[in-house]
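# Summary of structural features
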Amino acid sequence: MNRKKLIKVVISLILGIFLVNFLANKFYWYSTIWYFDMIMHFLGGLWIGLIFIYAFPPKDHSMSFILRTMLFVLFIGVSWELYEVLVNGVLAKDVFNSLDTISDIFFDLAGGFLAVLYFLRKIVLTSQNEVQLNNV
């Protein structure tokens, strides 16, 4: 696994998320673009998945690696939704919206799955190709 390449992607992604979130709050994109939070949850799930892969690099590329990554993304996604429910219920006095919560968790998981696919395609296959080229 090329950890240098992976950490560059992780850092670029989080900086991009921070920038887009800043602009979204400044220009009210969360309330004016109805699907905007779906994009942000997808990117967040992608980032969390890549962080997990970086922090706990898999020894093999089995189904358990995919399951562990997805469970971690699910745990963080559900934790974030609980935080949102508490903050919205206490501070904003908003009613709980179960459809929004389910949608957010779905997009978190979709982003996490893309992280797994990215890792398998870009990091693992690129590393294997480099090893094969060096042996020729």
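All of the points below concern the structure found in this document.

## Quick word on the packing of helix α3 (residues 36-55) against helix α4 (residues 63-92)
For any two helices packed against each other, the geometry comes down to the angle between their axes and how far apart the axes lie. As a packed pair, α3 and α4 sit with axes 9 Å apart at the nearest point and diverge in direction by 130°. With respect to each other, α3 and α4 are oriented oblique. Taken as a pair, α3 and α4 cross one another with a handedness that is right-handed. Touching H41, G45, I48, G49, F52 and I53 of α3 are F65, R68, T69, F72, V73, I76, W80, E81 and E84, all from α4.

## Let's talk about the side chain of D108
For D108, the position within the fold is in helix α5 (residues 98-135). Buried charged residue D108 carries no salt bridge. Nearest counter-charge: R68, at 19 Å. Apart from the residues within four sequence positions on either side, D108 is in contact with H41, G45, V73 and G77.

## Quick notes on helix α1 (residues 3-26)
Given a rise of 1.5 Å per residue, 24 residues ought to cover 34 Å, and the 34 Å separating the end C-alpha atoms of α1 matches this to within 8%. One side-chain oxygen of the residue at the start of α1 lies 3.4 Å from the amide nitrogen of K4, identifying that residue as N2. Looking at the residues trailing α1, positive phi occurs at Y28, about 60°.

## What to know about the environment of A92
Following the sequence through the fold, A92 ends up in helix α4. Take A92: its relative accessible area is 40%, and that puts it in the partly exposed class. For the pair A92 and L125, spaced 33 residues apart in sequence, the C-alpha to C-alpha distance is 47 Å.

Rules of the game
- Residues numbered from 1 in each chain as written.
- Predicted model: local features only at pLDDT ≥ 70, side-chain atom pairs only at ≥ 80, totals over all residues.
- Heavy atoms only, no water.
- Axes fitted to C-alpha atoms, helices over the stretch in contact; angles between N-to-C directions.
- Helix = DSSP H or I, 4+ residues; strand = E, 2+ residues; numbered from the N terminus.
- Parallel < 35°, antiparallel > 145°, perpendicular 65-115°, else oblique.
- Left-handed = near helix turned anticlockwise from the far one by under 90°.
- Contact = heavy atoms within 4.5 Å.
- Buried < 20%, exposed > 50% of the residue type's maximum accessible area, 1.4 Å probe, protein only.
- Lys, Arg positive; Asp, Glu negative; His and termini not counted.
- Salt bridge = Lys/Arg side-chain N within 4 Å of Asp/Glu carboxyl O.
- Expected span 1.5 Å × (residues − 1).
- Polar contact = N/O pair within 3.5 Å; in protein donor to acceptor, adjacent residues only side chain to side chain.

Structural measurements only, silent on function.
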